[in-house]
Amino acid sequence: MTALDERPSVVDPPQPAAATSQRRRPSTPRTWLRNGGLSNFLFLVPMLLIFGMFSWYPIVQSFVMSFQKTNLVTAPSFVGLDNFVKVLQDPLFLTAAQNTVWFAMLALLFGYPIPLIAAVLMSEVRRAKGLFSALAYLPVVVPPVVAVLLWKFFYDASPTGVFNSILAIVGIGPQPWIQSITAAMPSLVLEATWAGAGGTIIIYLAALTGVAPELYDAAEVDGASIWQKIWHITLPQLRGILLITLILQVIGTAQVFLEPFLFTAGGPANSTITVLLLIYRYAFQNSLGGDYGAATALSLMLAIFLAVLSVVYFRLTKSWSQN
Amino acid sequence: MKSPTKIVTLVAVTLAGVGLLSGCTANAADSDGTTTIKVVSLIPGTEQAAFDAFDAQVAQFEKANPDINVEGVEYEWSAPTFAAQLAGGTLPDVFRIPLTDAKTLIANGQLADMTAQVEALPYFDTFNPSVLSNAQDADGNIFGVPREAYGMGLQYNRALFVAAGLDPDAPPTTWDEVREYAKIIADKTGQAGYMQMTQSNTGGWQLTAATVARGGAMEEVASDGTVTVTADNPATKEALTYLQDLRWTDNSMGSNFLYDWGTINQAFAAGQIGMYTGGSDLFTSLTRESNMDPADFGLTAIPLTDAKDAGVLGGGTLNVVNVKADDTVKDAAMKWIAFYDLNKLVDKDAALQDAQTLAETDQAVGTPALPVFDQATLDQSREWVKEYINVPQNQVAFFAEGNVGRTIVGEPSAHTQELYGALDTAVQSVLTDKNADIDALLDTVNTTIQPLVDAD
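Residues numbered from 1 in each chain as written. Chains lettered and ligands numbered in written order. Predicted model: local features only at pLDDT ≥ 70, side-chain atom pairs only at ≥ 80, totals over all residues. Heavy atoms only, no water.

For this particular structure, what's the right way to read the overall build of chain A?
Scanning chain A for helices and strands turns up 17 helices and two strands. For chain A, the C-alpha radius of gyration of 27 Å lies well beyond 20 Å, the compact-globule estimate for 323 residues. Principal-axis analysis of the C-alpha atoms places the extent of chain A at approximately 85 × 75 × 35 Å. Looking at chain A as a whole, 36% of its 323 residues are labelled buried. Long-range pairs, those at least 24 residues apart, make up 63% of the contacts in chain A between residues at least 6 apart in sequence. As presented, chain A carries roughly 19,200 Å² of accessible surface, and 70% of it is formed by carbon and sulfur atoms. Across chain A, the 17 positively charged side chains and the 14 negatively charged ones have centroids separated by 11 Å. (Helix = DSSP H or I, 4+ residues; strand = E, 2+ residues; numbered from the N terminus. Rg over C-alpha atoms; globule rule 2.2 N^0.38 Å. Buried < 20%, exposed > 50% of the residue type's maximum accessible area, 1.4 Å probe, protein only. Contact = heavy atoms within 4.5 Å. Areas by Shrake-Rupley, 256 points an atom, 1.4 Å probe, with all protein chains shown as cover. Lys, Arg positive; Asp, Glu negative; His and termini not counted. Charge placed at Lys NZ, Arg CZ, Asp CG, Glu CD.)

Listed below in structure tokens is the structure:
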């Protein structure tokens, strides 16, 4: 018998009827215990309790609350779909939805291609690749609140502000940045892109290592330029990861909260209020007890919208990502 | 389950999980017979000396009341954090709320009934009835203890006045003068001559102050109690047009237009704003939390127009007790409130002890205020501690002198925070959009808030 013959067959040999029935025998408490079922369960208990208490229970509770009128102190009362109607009739809802879409579009415009271009360029660099990676990732290490406060300082609209001083050197007058209805949202996106690009760059860099070097060698032999290599090899090879980062970015931008909350609190004149900030306002703007019903109703609507969007997106891109 | 190691690991993990969860439960009551109460102390970020003064007062209180332990909790009232703490049940036993919030919190059953404790105070009869009424329900039950009352004033930076060639001892007395001075400050110093709060409901609050100063009202209450939102009244339009002129005609409001209570104080203390309206009690916060040089601080009365109903918007805070408190905690809380906030106003020894403690730790004594009891009591308490007064009275005297004979007007009563939030948008629009339509903005406020009022 050769070594090859000793390998297990890929196809299972026919099993005797008795053996099959033994394998399918229903598990009894005794066999469950003997097979380590109890220890498995007990190991799971802490995690089940923690997730149940801090994650699943709040999700279920907020679902229930979206159909209630409650201030979390006195007894809640069920109000049917009133909270959903109230949210949909709120003029701020439309403003918040439009602003969120505007933020997402700007973020895609700036935030989607920039990390990809940076990653491709960095992958081409021969020396100090680690240094570039570290520099790119550095903003991600800065705590988000600190980053926003830092940029708030940069965005000082006076002529002596950091960015305005730099612009003055090249002959451009002071800009209002976050103090203007039209400039506030792009300013927020700029900071968000700076803060978030590093993480995406690292993902792309990791994916780029998976692209077979033979493909580039072959292209080089065929006389392909660097842009042809990127277009015909790199991007098709990154297709799967690009699709994932795109939907993750859409989901992330739909839930943008930190930047508008800390930079502008939704101002000036509601020009940066987003859906999540509106949820926050429903819940916490009024010191006398928030409208938690409206807040959870809008949260539920947002969650359903994003879930449907994700399913549709993956259906539509399924064939492309597999090819 | 045959391996002993496996069993030990399993038990350890289970115990760790159970222990983790049991850590979430509340502390048990004191077993030695003492009562522990959690009370609000100071605003987060306050300088250490102020905390030292607070700790010294806690020690004095605990010495006089050995059966009560006091734990200080840092606290700054703001609408979002208060709502979250209220909903989460994490407020301390004794906390503070604005006068305007009391009625609704009482109606919602969210405050402890302190009637017995407050009525037992020896000086109960001397409370200013117009202030105390904010803490009472329709049956006269008392749910809070007045702590301080203030009127809106015009804060001004004396250093910027000097830098602009203005006399800091001759602050403006009319809105026209404010505009004139603001223009001079902006032109001469490059800083904002005049600014106002705009964010987190404070924009609406200050617009209401400006409206009241021009004889208007954001809400009108009919004899049958029906409330009509009147944000589009002529005084509010005048106040917004005034801001529009300063911003777009004079360019004397600087370049930053997103300020809430904390950030405008910081900007003012840093010499970036010449004048703004705010409560008369800001001296302590400006000098202790924002490190303003006391010599730069100036306070004068808010200008009033000749309108018949023009007045000064008032406000104040109440000490209230958590609704979960039992009688023992309520009694202890009342003792603490009396010790920390009230006795110093009515008892000479307590006044001297309090002033001495504050002065020794370089804390403010003699901040301008309105009477919680009556004017004579306030004047008497100031007389007792005059040797410790360290707030430069010559820099704030214009406030008291200017307010003689003026009417103090209360804040709007119905859906105050939502109203202020909606007015924030109007203020921000005027300051950031040259073509802002004031009539349309105020109409929007009316149509947004009136349905909330009608739904009550």
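Still more ground to cover, so stick around.
Please clarify how the pattern of salt bridges should be interpreted in this entry.
Side chains that differ in charge, positive against negative, can pair when their charged atoms come close. Residue and element names in this part refer to chain B. Under the defined criterion, the tally for this structure stands at 14 salt bridges over all chains. Arg-214 serves as the salt-bridge partner of Glu-238, at 3.7 Å between the closest nitrogen and oxygen. Of this pair, Glu-238 sits in helix α10 (residues 234-249) while Arg-214 sits in the loop between α9 (202-213) and β6 (219-221), and the two are 24 residues apart along the sequence. In this structure Arg-214 comes out as buried when scored by relative accessible area, which is 6%. The shortest N-O distance in the salt bridge between Glu-383 and Lys-386 comes to 3.0 Å. Judged by relative accessible area, which is 55%, Lys-386 ranks as exposed. (Salt bridge = Lys/Arg side-chain N within 4 Å of Asp/Glu carboxyl O.)

When you look at the confidence of the model for chain A in this model, what are you seeing that I'm missing?
The predicted coordinates ought not to be read in detail in places where the model reports low pLDDT. Residue and element names in this part refer to chain A. Averaged over all residues, the pLDDT of chain A equals 86, while 90% of them reach at least 70. Considering only residues more than four positions removed or in separate chains, one finds that residues 1-14, a stretch of pLDDT under 50, has one contact. Within the model, the stretch residues 16-21 combines pLDDT values under 50 with one contact to residues more than four positions away or in other chains. (pLDDT = per-residue confidence, 0-100.)

Honestly, a nonpolar patch on the surface in this entry has me stumped. Any pointers?
The grouping of Trp-32, Leu-33, Phe-41, Leu-44, Met-47, Leu-48, Phe-51, Trp-56 and Ile-59 of chain A at the surface amounts to a nonpolar patch, some 900 Å² of accessible area in total. The set of elements that each furnish at least two residues to the nonpolar patch consists of α3 (29-34) and α4 (37-65) of chain A. (Patch = residues over 30% accessible without salt bridge, like charges linked within 9 Å, V, L, I, M, F, W, Y side chains within 5 Å.)

Can you walk me through the interface of chain A and chain B in this structure?
One widely used convention gives an interface's size as the accessible area the parts lose upon coming together. Taken together, the contact between chain A and chain B spans 34 residues of the former and 37 residues of the latter. Note on chain A versus chain B: buried area summed over both sides is about 3,000 Å², and carbon and sulfur give 64% of it. Summed over the three residues of chain A that lose the most area to chain B, namely Gln-179, Ser-287 and Leu-288 of chain A, the buried surface amounts to 22% of that side. Where chain A meets chain B, there are zero salt bridges. In this assembly, chain A and chain B are joined by nine residue pairs in polar contact (both at pLDDT 80 or more). Among the elements of the structure, α4, α15 (258-264) and α16 (275-284) of chain A are those that each provide at least two residues to the side of chain A that touches chain B. (Buried area = accessible area lost by both parts, 1.4 Å probe. Polar contact = N/O pair within 3.5 Å; in protein donor to acceptor, adjacent residues only side chain to side chain.)

Just to check I follow, could you spell out the side chain of Ser-285 of chain B for this structure?
Residues and elements named next belong to chain B. Positionally, Ser-285 belongs in helix α12 (residues 282-288). Using a relative accessible area of 7% as the deciding quantity, one classes Ser-285 as buried. In this structure, Ser-285 is in contact with Trp-261, Asn-265 and Ser-290, ignoring residues within four places of it in sequence.

What is the right way to look at the domain arrangement of chain B in this model?
Residue and element names in this part refer to chain B. The domain architecture assigned to chain B consists of domain 1 (35-148 + 315-393) and domain 2 (150-314 + 395-454). A separation of 27 Å is found between the C-alpha centroids of domain 1 and domain 2. Counting residues at the interface gives 22 residues for domain 1 and 23 residues for domain 2. Across the domain 1-domain 2 interface, the total number found is six residue pairs in polar contact (both at pLDDT 80 or more). The residue inventory of the side of domain 1 that touches domain 2, partitioned by class, reads nine nonpolar, eight polar and five charged. (Domains from an automatic or database assignment. Nonpolar A, V, L, I, M, F, W, Y, C, P; charged D, E, K, R; others polar.)

What should I look at first to understand the packing of α10 of chain B against helix α18 (residues 438-454) of chain B in this one?
When two helices pack together, their arrangement is given by the angle between the helix axes and by the axis-to-axis distance. All names here are of chain B. Orientation of α10 relative to α18, taken along the N-to-C sense of each, is 130 degrees, at an axis distance of 10 Å. Judged by the inter-axis angle, α10 sits oblique to α18. When the axes of α10 and α18 are compared, the crossing they make is right-handed. Where α10 approaches α18, its residues Thr-236, Lys-237, Leu-240, Thr-241 and Gln-244 are matched on the opposing element by Ile-438, Asp-439 and Leu-442. (Axes fitted to C-alpha atoms, helices over the stretch in contact; angles between N-to-C directions. Parallel < 35°, antiparallel > 145°, perpendicular 65-115°, else oblique. Left-handed = near helix turned anticlockwise from the far one by under 90°.)

Is there a simple way to explain the packing of aromatic side chains in this structure?
Note on aromatic pairs: each is described by the distance of the centres and the angle between the planes. By the definition in use, this model includes 35 aromatic pairs over all chains. Considering the side-chain rings of Phe-63 of chain A and Phe-67 of chain A, the 5.5 Å spacing of their centres and the 70 degrees angle between planes classify their relative orientation as edge-to-face. An aromatic cluster of three or more residues is present, and its members are Trp-151, Phe-154, Tyr-155, Phe-163, Trp-177, Trp-194 and Phe-263 of chain A. Lying across the ring of Tyr-242 of chain B, Arg-214 of chain B places its NZ or CZ 5.0 Å from the centre. The ring of Trp-248 of chain B has Arg-247 of chain B sitting right over it, with the charged end atom 3.8 Å from the ring centre. (Phe/Tyr/Trp six-rings, centres within 6.5 Å; stacked < 30°, edge-to-face > 60°. Lys NZ or Arg CZ within 6 Å of the ring centre and 35° of its normal.)

Got a minute to help me understand the packing of helix α2 (residues 48-64) of chain B against helix α13 (residues 327-346) of chain B in this structure?
All names here are of chain B. In the contact formed by α2 and α13, the axes pass within 11 Å of each other and the chain directions differ by 125 degrees. One element, α2, and the other, α13, form an angle in the oblique class. For the pair α2 and α13, the sense of crossing is right-handed. The segment α2 lies against α13, with Phe-54, Gln-57, Val-58, Gln-60 and Phe-61 engaging Ala-332, Lys-335, Trp-336, Phe-339 and Tyr-340. Its residues assigned to classes, the contact of α2 with α13 comprises seven nonpolar, two polar and one charged.

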